[in-house]
Every structure is written in structure tokens, then in C-alpha cells.
Amino acid sequence: MQARRRKTPDILRHAAPWLARFDPEQPRLVGVSGGRDSVALLHALVARGYRQLIVCHLDHRLRPDSDADARFVAALAKALNLRAEIGRENVAARAARKKQSLETAAREARHAFFAKIARRQKCPRLFLAHHADDQVETFLFNLFRGAGSAGLGAIRPLTANADGIEIARPLLAVWREEIDEYIAAHGLEFREDISNLDPRFTRNRLRHEIVPALSAAFGRNVRRAVWRAAELMRDEDEFFGELLASEDVPREMSVRSLREKPVALQRRLLQRWLKGRGIANVGFDEVEAVRALLAGSRAKANLPGAWHARRNRGRIFLQPPAGGASKKQNLSS
């Protein structure tokens, strides 16, 4: 008796409800590293009728054969009759120059590259191939560095970044093994990035050491439970974001008004206030430093970039670095 043929997985099924709102005739950038995830995404999008894609690849120059990845992606785009944008940057030199980790430098380099292409092509729309395993690793990474609920919400399927680019991640609910099945079913060629095994990178240690160790400790695969937690946190964060979105970001905060609110809401409001007034890298420590001003025992909190938060006459306001235009923060609301 002939075995039943296994159905080819539809890796875009989870994104279908919102993906249907995107016009396939409208140009969109798509990040393609040449690895299995981005190659699978590109193939699935083309199969869905997206024929105006602009394939974007940044050669990080971290491996001797990285130029072969760039040639592979350029050839793939040509075979699909798609435009290609290939960029190159010495990420190791960037990391040394900016005193950053390779992961951070690579991420910033990609963001800058996508922004440049978006401007040049007048196309502020981008597809990326982040998937469910990436969501799990991002959640754990943020958890272990002490992030709050906004950070634990991890990656979002639809976002807009600081450059005004609309980013869509159609594979965010798709697991790595499903992508492998899709690649095998369609016989797709891809480039294997050996840096994915390099233990110097935190994400690789999470993927190959920490997640398997957690699964072994619990006696079951913990990935789906972690993914569900990330989804729940993301939904809650979006709810609070929408709840506060209608309120203007004030120039100063009322001590009395903040004291009357639950601690969780105090933190949300202060985080939004600090970010809205232009303070960079706002995390738990910065929010708590400002929240400590509510107790009345302190009148000043240090913030990134040599800014300070001060309490005076029942109000909390921002003071710019020494040499600023004024002692109080005078940004318009």
C-alpha cells in the first residue's frame, strides 16, 4: 500500500489574516541573508503573488566566504525576476569603533542598510524572516537581562521602526522544523551560516545550550510554553500602550497624581514620559530612579546622556546636561 504523501506546510498560514491586507502589486523590501529562513520566506511570498519584492542583503564581512552569500542572494533574486540591493559593511570594525558587541553592531548595520534602501527606493515597507524560535530566544534574552513586560513581549509581527519603516514578520508563529519541512518539500537551496554555531554569540548559546537545558530540566520541550508567555505579554503591552496612547506626554509630571496610581501604572507612565521627552535607553533602573522621587527623600535622579530628573514643588521635570539651553526641559508637548 502506498504511503500517504505528507502535505507541504503553509508557512504563511498564521499571517494570512493581516497579510491579505497587503497589496501584492505594491513594492516591498525583503531581507534575505541567504539562510534557510529568509529563503523560505522569499519563496513563500513569491508563491503568494508578491512579484514586486526588492531583495535586500547586507554582507557583514564576518566570514571569509560571506561574499559568496551575497552572490547567492543576487543570483536568487535574478532567477525570480526580482530587483536586488546588495550592501557591504565591515561589522567587526564597526563593533570595535563603537565599542559594541558583534551582535549589536550587526543589528544596527542592518537597520541602517534597510533605512538607506527604503529611502532610495521610496519603499518604507519591509518583510523579515523572524520565526517562533527567534521569539523564544528573544523572550529569554530579555528575561535574563531584567526587562519589563514591554521587553518580554519580544518581537511583534507588525511594527514601525524609528526610520518610519513598516516591518512585517509573517513567520513569527512558525517553528524552525516547519521551515525545514518547507525547504525540503520545495527542494530549495540556501546558504548555511556557520556563525550560527559560534558560542561567542548570546543567541547561539540560548539556542544550543540554554533552551535544551531548560527542556531537559522540565522533562519536556519548553519552547511552546515560552512562546505563549511572549504572546501574552505582547498582547498585554499592546493593551496598555493603546490605553495610554490618547494621553499627551506632559512637560512635567505631578507627584501627587503619580502617587495615587498603582505601582505598575506609575512605571508605565514614567517610562512613556521619559521616552516621549527624548531620553534614550530607558529601562527598569531609569524608571525606578525617577519613581524614587515620589517618596520625597530624594530630589534628583541621574539619567542617560547626563540628563537628570528633578522634583520641586510637587512636580517632576527634566534637566538637560550642563551647558544645555535651559535648566528645565522645554520641549513642546
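Quick note: structure is the one above.
Rules and cut-offs
- Residues numbered from 1 in each chain as written.
- Predicted model: local features only at pLDDT ≥ 70, side-chain atom pairs only at ≥ 80, totals over all residues.
- Heavy atoms only, no water.
- Phe/Tyr/Trp six-rings, centres within 6.5 Å; stacked < 30°, edge-to-face > 60°.
- Helix = DSSP H or I, 4+ residues; strand = E, 2+ residues; numbered from the N terminus.
- Buried < 20%, exposed > 50% of the residue type's maximum accessible area, 1.4 Å probe, protein only.
- Lys NZ or Arg CZ within 6 Å of the ring centre and 35° of its normal.
- Expected span 1.5 Å × (residues − 1).
- Pairing = 2+ DSSP bridges.
- Axes fitted to C-alpha atoms, helices over the stretch in contact; angles between N-to-C directions.
- Contact = heavy atoms within 4.5 Å.
- Polar contact = N/O pair within 3.5 Å; in protein donor to acceptor, adjacent residues only side chain to side chain.
- Core = buried A, V, L, I, M, F, W, Y, C linked by side-chain atoms within 4.5 Å.
- Salt bridge = Lys/Arg side-chain N within 4 Å of Asp/Glu carboxyl O.

Enquirer: Help me understand the packing of aromatic side chains, please; the structure alone is not making it clear to me.
Expert: Applying the stated rule across the entire model yields five aromatic pairs. A ring pair is formed by Y50 and F127, whose centres lie 5.7 Å apart and whose planes are at 90°; its orientation type is edge-to-face. Taken together, the residues span a long stretch of sequence, with Y50 in the loop between α2 (36–47) and β2 (53–59) and F127 in strand β4 (residues 125–127) at a distance of 77 residues. In terms of burial, Y50 and F127 fall into one category: buried. A network of ring pairs unites the aromatic residues W18, F22, Y50 and F127 as a single cluster. The positively charged end of R28 is found above the aromatic ring belonging to F22, 3.9 Å away from the centroid.

Enquirer: Please explain helix α6 (residues 132–144) as it appears in this structure.
Expert: Because each turn of an α-helix spans 3.6 residues, side chains separated by three or four positions end up pointing in the same direction. The first and last C-alpha atoms of α6 sit 19 Å apart over 13 residues, in line with the 18 Å expected at 1.5 Å per residue. Regarding α6, the residues found buried are A132, D133, D134, Q135, V136, E137, T138, F139, L140 and N142. Backbone geometry just downstream of α6 places G146 in the positive-phi region, at approximately 85°.

Enquirer: In this structure, what is going on with the sheet that holds strand β1 (residues 28–31)? I would like to understand it.
Expert: By way of backbone hydrogen bonds, the strands of a sheet pair with one another, either parallel or antiparallel. If you walk across this open sheet you meet the six strands as β3-β2-β1-β4-β6-β5, and the pairing is mixed. In this open sheet, the two strands that pair with only one neighbour each are β3 (83–88) and β5 (158–160). Taken over all neighbouring pairs, the strand axes of this sheet differ in orientation by 25° on average, direction set aside. When β1 meets β4, the two strands line up parallel, connected through two bridges. Residue pairing in the sheet places L29 in a bridge with L126 of β4. Where helix α5 (residues 102–121) meets the sheet, its contacts fall on β1, β2, β3 and β4, and the angle it forms with β2 comes to roughly 145°.

Enquirer: Quick question: what am I supposed to make of the pairing of strand β9 (residues 308–312) here?
Expert: Looking along a regular strand, one sees side chains alternate from face to face of the sheet. In this structure, strand β8 (residues 300–302) lies alongside β9, joined through three bridges in antiparallel fashion. Opposite A301, over in β9, you have A309 as the bridge partner. The antiparallel pairing of β8 with β9 creates a hairpin that spans five residues between the two strands, and G305 there sits at a positive phi of about 70°. Examined bridge by bridge, β9 and strand β10 (residues 315–319) share five bridges and lie antiparallel to one another.

Enquirer: Can you help me understand the environment of R291 in this one?
Expert: Residue placement: R291 occurs in helix α13 (residues 284–291). Residues R291 and L102, 189 residues apart in the sequence, show an inter-C-alpha distance of 34 Å. Excluding residues within four positions of it along the chain, R291 makes contact with V263, Q266, R267 and L270. At 3.0 Å, the side chain of R291 and the side chain of Q266 are in polar contact.

Enquirer: Would you mind going over the nonpolar core with me for this structure?
Expert: What tends to happen in soluble globular proteins is that the nonpolar side chains get buried as a cluster. Ranked by internal contacts, the top residues of the largest apolar core, which has 32 residues, are V30, L42, L53 and F127. Where this core is concerned, the elements lending two or more residues are α1 (16–19), α2, β2, α3 (66–79) and α8 (176–186). It is α2 that provides the largest number of residues to this core, a total of seven residues. Counting 22 residues, the second-largest nonpolar core is a separate cluster that includes L269, L270, W273 and V290.

Enquirer: Even after reading the chapter, I still don't get the sheet that holds β10, so can you show me in this structure?
Expert: Within the open sheet, the four strands sit side by side as β7-β10-β9-β8. Their pairing is antiparallel. Two strands in the sheet have a free side with no partner beyond their single neighbour: β7 (253–254) and β8. Across the sheet, helix α12 (residues 263–276) is in contact with β7 and β10; its angle to β10 comes to roughly 30°.

Enquirer: What's the story with the pattern of salt bridges in this structure? I'm lost.
Expert: Where charged atoms from two side chains of opposite charge come close, those side chains can pair. Tallied over the entire structure, the rule returns 29 salt bridges. Here R48 ties to D10 by a salt bridge, and the two come within 3.0 Å at their closest N and O atoms. Residue R48 is found in the loop between α2 and β2, and its partner D10 is found in the segment before α1; the two are separated by 38 residues along the sequence. Owing to a relative accessible area of 35%, D10 belongs among the partly exposed residues under this scheme.

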